[in-house]
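# Observations on the three-dimensional arrangement
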Amino acid sequence: MYKKMILGAMIGVALVANWALADDVPADLADKMKPLFGSAPDSLKPTPLAGIFEAKFGGEIIYVSGDAHYVLSGELIDAKSKSSLTEEARAEGRKEIMKTVDASKTIEFKAKGEEKHVLYAFTDVDCPYCVKLHKEVSALNDKGVTVRYLAYPRAGVGSPAYKKMVSVWCSDNKQDAITKAKNGEELPAKDCPNPVADEFALGQKLGVNGTPALVTADGLMIPGFRPADQLVKMLDDAEAKTKVN
């Protein structure tokens, strides 16, 4: 039985922000969930909705009653602030995962002058919108954004795109190689110890299902192509929101 099974209708739950937190998680709730999902959740925590608990399986979040009799799948919305508590929980999980990223294994295009933001970009050299994003990298660098590429060959490990990206990551000048690959140039086939498969697995763990997928160290995920000006505004707004909170 897969993790998105719903015992009842799929619903999103709206609530008012100032509700008190529900009781602590029942001690036996994780065990009660095992027969439903094949394993205990990675984490369980109270929600502001009395008697309903957040269960996290990797990057997937569902909600469950204290007796595990009812399961809800959908967005838990704070009606007062109009924010998604579910997305906030996903972002927190992504933030913890991003702490494991070894920046030295990425292909980095450094910000010029003061570094205001760092943006990780899961990319596929054969993806047209990744090519469009690459053309925005210089403008992002000019605006104080460092871009760090992570490999995400959409067709999977062993695919033609995967092999191209191994050649990129094994090149002496990785910046030049990824630029040439995105411009459609054929690179000499190379092989070496490389992070391509690990970065692909990391993207899957984060919930990446298309490229480009942009992630910040704080766990904000921005799917798809955005021009440089729009990206910078999104990053500035997210940083301002974090400081307020």
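This write-up is about the structure you can find in this document. (Residues numbered from 1 in each chain as written. Predicted model: local features only at pLDDT ≥ 70, side-chain atom pairs only at ≥ 80, totals over all residues. Heavy atoms only, no water.)

### Re the packing of helix 5 (residues 160-169) against helix 7 (residues 196-206)
Angle between the axes and distance between the axes are the two parameters that describe a pair of packed helices. Taken N-terminus to C-terminus, the directions of helix 5 and helix 7 make an angle of 120°; their axes are 10 Å apart at the nearest point. One way to sum up the angle between helix 5 and helix 7 is to call them oblique. Residues Tyr 162, Met 165, Val 166 and Trp 169 of helix 5 form the contact with helix 7, whose own contacting residues are Val 196, Ala 197 and Glu 199. (Axes fitted to C-alpha atoms, helices over the stretch in contact; angles between N-to-C directions. Helix = DSSP H or I, 4+ residues; strand = E, 2+ residues; numbered from the N terminus. Parallel < 35°, antiparallel > 145°, perpendicular 65-115°, else oblique. Contact = heavy atoms within 4.5 Å.)

### Quick notes on unusual backbone geometry
Following Thr 211, the chain continues to Pro 212 via a peptide bond in cis, the omega torsion being -5°. Tracing the sequence through the fold places Pro 212 in the loop between helix 7 and strand 11 (213-216). Even without being a glycine, Ala 68 presents a positive backbone phi close to 65°. For Ala 68, the location among the structural elements is in the loop between strand 4 (60-65) and strand 5 (71-72). Phi is positive for Lys 82, close to 60°, though the residue is something other than glycine. Mapping Lys 82 onto the fold places it in the loop between strand 6 (76-78) and strand 7 (83-84). Residue classification places Lys 82 among the exposed positions, given a relative accessible area of 75%. (Buried < 20%, exposed > 50% of the residue type's maximum accessible area, 1.4 Å probe, protein only.)

### A closer look at the state of the cysteines
Applying the stated rule across the entire model yields one disulfide. Across the disulfide, Cys 170 is cross-linked to Cys 192 (sulfur-sulfur distance 2.0 Å). Since a negative S-S torsion denotes a left-handed disulfide, the Cys 170-Cys 192 link at about -95° is left-handed. Here Cys 170 is found in the loop between helix 5 and helix 6 (174-182), whereas its partner Cys 192 is found in the loop between helix 6 and helix 7, with 22 residues between them in sequence. (Disulfide = S-S within 2.5 Å.)

### With respect to helix 6
Among the residues making up helix 6, those that are buried are Ala 177, Ile 178, Ala 181 and Lys 182. An end-on view of helix 6 places all buried positions within 130° of arc, on one side of the element. Turning to helix 6, the residues buried within the fold contact strand 8 (107-109), strand 9 (117-123), helix 3 (128-134), strand 10 (145-151) and helix 5. N-cap assignment for helix 6: the residue whose side-chain oxygen lies 3.4 Å from the backbone N of Gln 175 is Asn 173. (Arc of directions from axis to C-beta. Polar contact = N/O pair within 3.5 Å; in protein donor to acceptor, adjacent residues only side chain to side chain.)

### Comments concerning the environment of Lys 95
Here Lys 95 lies in helix 2 (residues 85-98). Here Lys 95 is in contact with Ala 217, Asp 218 and Gly 219, once residues within four sequence places are set aside.

### Things to note about the pairing of strand 11
Where burial is concerned, the two faces of strand 11 agree: the one with Ala 213 and Val 215 and the one with Leu 214 and Thr 216 are both buried. Bridge analysis of strand 9 against strand 11 gives four bridges, and the strand direction is antiparallel. Bridging from a neighbouring strand, Tyr 120 pairs with Val 215 of strand 11. In terms of strand pairing, strand 11 meets strand 12 (residues 221-223) through three bridges, oriented antiparallel. Among the inter-strand pairings, Leu 214 is bridged to a residue of strand 12, identified as Ile 222. The hairpin formed by strand 11 and strand 12 contains four residues between the paired strands, and Gly 219 there has a positive phi angle of roughly 95°. (Pairing = 2+ DSSP bridges.)

### What to know about the side chain of Thr 211
With respect to the secondary-structure elements, Thr 211 resides in the loop between helix 7 and strand 11. Ignoring sequence-local partners within four residues, the contact set of Thr 211 consists of Phe 122, Thr 123, Asp 124, Cys 127, Cys 130, Tyr 152 and Arg 154.

### With respect to the pattern of salt bridges
Scanning the model with the defined rule gives 14 salt bridges in all. A salt bridge links Asp 124 to Arg 154; the nearest nitrogen and oxygen atoms lie 3.1 Å apart. Of this pair, Asp 124 sits in the loop between strand 9 and helix 3 while Arg 154 sits in the loop between strand 10 and helix 5, and the two are 30 residues apart along the sequence. Exposure remark for Asp 124: the relative accessible area of 2% places this residue in the buried category. (Salt bridge = Lys/Arg side-chain N within 4 Å of Asp/Glu carboxyl O.)

### What about the packing of aromatic side chains?
Enumeration according to the criterion identifies four aromatic pairs in this entry. Seen from their ring centres, Phe 109 and Tyr 149 are 5.9 Å apart, and the 85° between their planes marks the pair as edge-to-face. On the criterion of sequence distance, the pair formed by Phe 109 in strand 8 and Tyr 149 in strand 10 is long-range, its members being 40 residues apart. One exposure class covers both Phe 109 and Tyr 149, and it is buried. An angle of 90° between the planes, with centres 6.2 Å apart, marks the rings of Phe 122 and Tyr 152 as edge-to-face. Remark: Tyr 152 occurs in the loop between strand 10 and helix 5 and Phe 122 occurs in strand 9; sequence separation between them is 30 residues. Residue Phe 122 is classed as buried on the basis of its relative accessible area, which comes to 0%. Using a relative accessible area of 7% as the deciding quantity, one classes Tyr 152 as buried. (Phe/Tyr/Trp six-rings, centres within 6.5 Å; stacked < 30°, edge-to-face > 60°.)

Keep in mind these values describe shape, not function.
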